[in-house]
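Each chain is listed here by its residues.
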Amino acid sequence: MGLPAPVRAPGLPAAVRIHEVGPRDGLQNESALVPVEVKAEFIGRLAAAGLRTVEATSFVHPKWVPQLADAEDLMPRIAGLPERHPGLRLPVLVPNDRGLDRALAHHATDVAVFASATETFARRNLNRSADEAMEMFRPVVERATAAGVPVRGYLSMCFGDPWEGPVPVSQVVGFGVRLLELGCAELSLGDTIGVATPGQVTALLDGFVAAGVPLDRLAVHFHDTYGQALSNTLAALTAGVTTVDASAGGLGGCPYAKSATGNLATEDLVWMLHGLGIQTGVDLRALVATSGWMARRLGRPSPSRAVQALLGGAGPAD
């Protein structure tokens with residue numbers, strides 16, 4: 001675990017904030033229900049590994065995402081973590097006003113909304129048009145902000161849509177700017193089906209800059225369907241982005257886009273960042289052990305290449 005040897009590259013940020021999505025986006029597509037006590041321990045282990053933003057769950061209707069139906073049970077189990085890990089934030093996804101009510105009742109300090117850059121995915125995921133979804137989010141963002149709770153905006157299908165094909169930069173920028181104008185503090189640009197390439201990433205970020213959006217308000221969220229997640233991340237870092245979404249062990253997909261495979265694995269991301277001399281605050285050894293532990297709970301090997309390489313076979317004992 002002495003590797004990788006850090007070698008600084010010019011033009012890259014000194015530090016990157018990892019937005020860990022494993023407990024929410026990573027687990028939501030699991031067919032077998034994961035016990036709530038396992039989810040709580042997973043979040044606690046991620047926090048102990050040094051991750052300071054860990055997306056905990058979603059207050060979506062249980063019918064739509066059964067895996068996250070235990071949100072009310074989970075929140076009290078993790079309520080003490082920020083006190084034990086100063087600086088830890090535990091955002092939750094809220095789809096609408098009712099979801100926000102539930103999140104605030106459980107003292108959520110950060111929330112997120114989930115929009116689409118394409119019409120077809122908006123109708124399949126949110127059961128309404130992309131414009132109607134934006135209007136649905138308006139009172140959610142306003143109420144959360146008034147309560148002192150910052151809101152993150154997720155924008156899906158930013159590079160390609162399985163029904164509509166390539167998505168124009170201007171279309172993505174238009175919807176992204178609207179989310180920011182609603183009051184979202186941060187915008188995460190999602191490659192939901194993992195089709196992006198570095199040139200597309202650079203072009204999209206250039207489009208946001210041209211629209212007057214500071215790069216420090218943007219994050220990137222890549223899926224590794226075609227093995228491009230790390231190269232796309234490097235393109236975003238080179239452009240000046242400093243917040244990257246990732247999922248411990250490479251867990252995840254999207255229940256409404258069947259061609260979406262796993263998220264960028266947090267361990268693979270940390271390996272690359274540490275090799276570039278970029279600070280993350282993450283203990284790679286503890287993170288790999290955590291993903292090995294979760295893989296055993298799920299009954300299958302972790303898809304993360306770094307986890308596979310560093311744990312070898314069975315990995316450490318629990």
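No experiment lies behind these values; they were computed from the predicted model shown.

Thresholds applied
Residues numbered from 1 in each chain as written. Predicted model: local features only at pLDDT ≥ 70, side-chain atom pairs only at ≥ 80, totals over all residues. Heavy atoms only, no water. Salt bridge = Lys/Arg side-chain N within 4 Å of Asp/Glu carboxyl O. Helix = DSSP H or I, 4+ residues; strand = E, 2+ residues; numbered from the N terminus. Buried < 20%, exposed > 50% of the residue type's maximum accessible area, 1.4 Å probe, protein only. Expected span 1.5 Å × (residues − 1). Arc of directions from axis to C-beta. Contact = heavy atoms within 4.5 Å. Phe/Tyr/Trp six-rings, centres within 6.5 Å; stacked < 30°, edge-to-face > 60°. Lys NZ or Arg CZ within 6 Å of the ring centre and 35° of its normal.

**Q** Looking at this structure, how should I read the pattern of salt bridges?
**A** Between side chains of opposite charge, a pair can form as their charged atoms come close. Tallied over the entire structure, the rule returns 16 salt bridges. A salt bridge links Arg 138 to Glu 135; the shortest N-O distance between them is 3.0 Å. Taken together, the residues span about one helical turn, with Arg 138 and Glu 135 both in helix α7 (residues 130-146) at a distance of 3 residues. Here Arg 152 makes a salt bridge to Glu 186, at a shortest N to O gap of 2.7 Å. Of this pair, Arg 152 sits in strand β5 (residues 151-156) while Glu 186 sits in strand β8 (residues 186-191); the two residues are 34 residues apart in sequence, bridging distant segments of the chain. Grouping residues by exposure puts Arg 152 and Glu 186 together as buried.

**Q** What am I meant to see in helix α9 (residues 198-210) here?
**A** Helical geometry note: an α-helix holds 3.6 residues per turn, so side chains three or four residues apart project in the same direction. With 13 residues, α9 extends 18 Å between its outermost C-alpha atoms, agreeing within 8% with the 18 Å of an ideal straight helix rising 1.5 Å per residue. Within the sequence span of α9, burial applies to Val 201, Leu 204, Leu 205, Gly 207 and Phe 208. Taken down its axis, α9 places every buried residue within 150° of arc, on the same side. Looking at α9, the residues exposed on the side facing more than 90 degrees away from the buried face are Gly 199 and Ala 210. Buried-residue contacts for α9 involve α8 (169-182), β8, β9 (218-222) and α10 (229-239).

**Q** Help me understand the packing of aromatic side chains, please; the structure alone is not making it clear to me.
**A** Within a pair of aromatic rings, the relevant descriptors are the distance that separates the centres and the angle that separates the planes. This structure, assessed with the given rule, holds 3 aromatic pairs. Here the aromatic rings of Phe 114 and Tyr 154 are separated by 5.9 Å at their centres, their planes lie at 40°, and the arrangement is tilted. A residue pair is termed long-range when its members are at least 10 positions apart, and Phe 114 in strand β4 (residues 111-116) and Tyr 154 in strand β5 qualify at 40 residues. Taking 6.4 Å as the distance between ring centres and 20° as the angle between the ring planes, the aromatic pair formed by Phe 121 and Trp 163 counts as stacked. Note that Phe 121 is positioned in helix α6 (residues 119-126) and Trp 163 in the loop between β6 (160-161) and β7 (165-166), a separation of 42 residues in sequence. One residue, Arg 24, lies across the ring of Tyr 154, its end atom 5.5 Å from the ring centre.

Honestly, it's all geometry; don't read function into it.
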